[in-house]
Amino acid sequence: MGLDRRTLLAATAAAMAGQGAARAQGAVKPPGELVPALPRTAPGAQLQVIDLWPGDPPGGGEGPDPNGYRFDETARGVITKVERPCLLVIRPDKPNGSAMIVAAGGGYRFIDIGNEGVPVGQMLTAVGVTVFLLIYRLPGEGWDNGPDAPRQDAQRAVRLVRAQSTELGIDPARVGVLGFSAGGHLMGETAVGNQNLYPPVDAHDALPYRPALAGLLYPVITMKAPFDGTSTRRVLVGDEVTEVEMRTYSVDVQVRADTPPMFMAQAMDDPIAVCDHVLLMFAALRKAKIPAEMHLFERGGHGFGLGPPGTPVAAWPGLFLAWLHVRGFLAA
């Protein structure tokens, strides 16, 4: 499936105005496709799809049943029932060779590409970055690996983009990640991770999974009390957090000397991932002497996406692009 940018923009505008599910019954599988294409009213419908795994995802488990589709997506771009994790590709008109894998949030209960995926992808492609929206498995949807299922998908996504860099027209040394809320936790885990989470399935898995840089927007960072009152913590580790689980799923305690540079943005009035999350992460990065940039805004709440025009948090995209420029991601 190719990407028609004008069709995508029109479909996205219609999706934001629509309500309810857009799942069409009896959809026809395009030639060569293993699953039917999404209904055209879904924000992800016009995007090229790259499946993450050549067969079943690792770890086992039956997973959800999205009625034959890869996943279920509403007209607002809220995704659940991810049976076949994949990347949705948004290509720029003038690619500069850099790539960004974007993970939208949703507390690991859903993935909101309507608010934090497609609009952010369009912002990045406007400056030449090729964008891959990561549709990752959700821990509570029947996967045996549970909380590690999305982490496996994220590691595979970075490797797959690097493996297909020639076909995709990107520089494998300029593959970054950007995550929001629970997606910020996922991309933070991918950036700091020091353990391969699945056995190799093909030659692609010989490539490194750690990105060149990471952007974390209002991310969940820690499983420690008193900052652990998030859906992300409840889905990943339940009500009781062991010491092993805390160290495994708290991003800040895993920062090492080889952690990539990071950008973070957060609103001070965020009632969900309170600003202590990014403060803990910034302190860990500073202690390890990792290049980092952090912006705290007075107002904005949680889940602000690109930020409503005229609000303090609407400044973050420009700040992030400036940071990407300094790090060589916007050079031709």
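Residues numbered from 1 in each chain as written. Predicted model: local features only at pLDDT ≥ 70, side-chain atom pairs only at ≥ 80, totals over all residues. Heavy atoms only, no water.

Colleague: I'd love a proper account of a nonpolar patch on the surface, names of residues and values included.
Modeller: Taken together, the side chains of M268, L279 and L296 present a nonpolar region at the surface, about 240 Å² in accessible area. Assignment of secondary structure puts L296 in strand β11 (residues 292–297). Judged by relative accessible area, which is 34%, L296 ranks as partly exposed. (Patch = residues over 30% accessible without salt bridge, like charges linked within 9 Å, V, L, I, M, F, W, Y side chains within 5 Å. Areas by Shrake-Rupley, 256 points an atom, 1.4 Å probe, with all protein chains shown as cover. Salt bridge = Lys/Arg side-chain N within 4 Å of Asp/Glu carboxyl O. Helix = DSSP H or I, 4+ residues; strand = E, 2+ residues; numbered from the N terminus. Buried < 20%, exposed > 50% of the residue type's maximum accessible area, 1.4 Å probe, protein only.)

Colleague: So what about the sheet that holds strand β8 (residues 175–180)? Which residues, and what values?
Modeller: Reading across from one edge, β1-β4-β7-β5-β8-β9-β10-β11 is the order of the eight strands in this open sheet, with mixed pairing throughout. Across the chains shown, the open sheet's two edge strands, defined by having one partner strand only, are β1 (48–51) and β11. On average, adjacent strands in this sheet sit at an angle of 20° to one another, irrespective of strand direction. Examined bridge by bridge, strand β9 (residues 214–217) and strand β10 (residues 262–267) share four bridges and lie parallel to one another. In the sheet register, G215 faces β10, and the bridge partner there is F263. Sheet strands touched by helix α3 (residues 118–125): β4 (86–90), β5 (99–103), β7 (130–135) and β8. Its angle to β7, the strand with the most contacts, is close to 160°. (Pairing = 2+ DSSP bridges. Axes fitted to C-alpha atoms, helices over the stretch in contact; angles between N-to-C directions. Contact = heavy atoms within 4.5 Å.)

Colleague: Explain the side chain of R162 residue by residue, including any values.
Modeller: Residue position: R162 is located in helix α4 (residues 148–163). A polar atom in the side chain of R162 sits 2.8 Å from the backbone oxygen of P208. Residues contacting R162, with those up to four places away along its chain left out, are P172, V175, L207, P208, Y209, R210, P211 and A212. (Polar contact = N/O pair within 3.5 Å; in protein donor to acceptor, adjacent residues only side chain to side chain.)

Colleague: Which residues make up the environment of M100, and what values go with them?
Modeller: Summarising the element assignment, M100 is placed in strand β5. For the pair M100 and V175, spaced 75 residues apart in sequence, the C-alpha separation works out to 5.8 Å. Beyond its immediate stretch of four places on either side in the chain, M100 contacts L124, V129, T130, V131, F132, G176, V177, L178, L213, F320, L324 and F329.

Colleague: Mind laying out the confidence of the model for the protein chain, listing which residues take part and the relevant values?
Modeller: Confidence in the prediction of the protein chain, expressed as mean pLDDT, is 88, and 87% of residues score 70 or more. A low-confidence stretch, residues 1–32 (pLDDT under 50), is modelled with 67 contacts involving residues beyond four sequence positions or located in other chains. (pLDDT = per-residue confidence, 0-100.)

Colleague: So what's going on with the sheet that holds strand β3 (residues 78–80)? Which residues, and what values?
Modeller: The strand order β2-β3-β6 describes an open sheet built from three strands, whose pairing is antiparallel. The open sheet has two free edges, formed respectively by β2 (72–73) and β6 (111–112), since each of these has just one partner strand. The pairing of β3 with β6 spans two bridges and is classified as antiparallel. Looking across to β6, one finds that V78 is bridged to D112.

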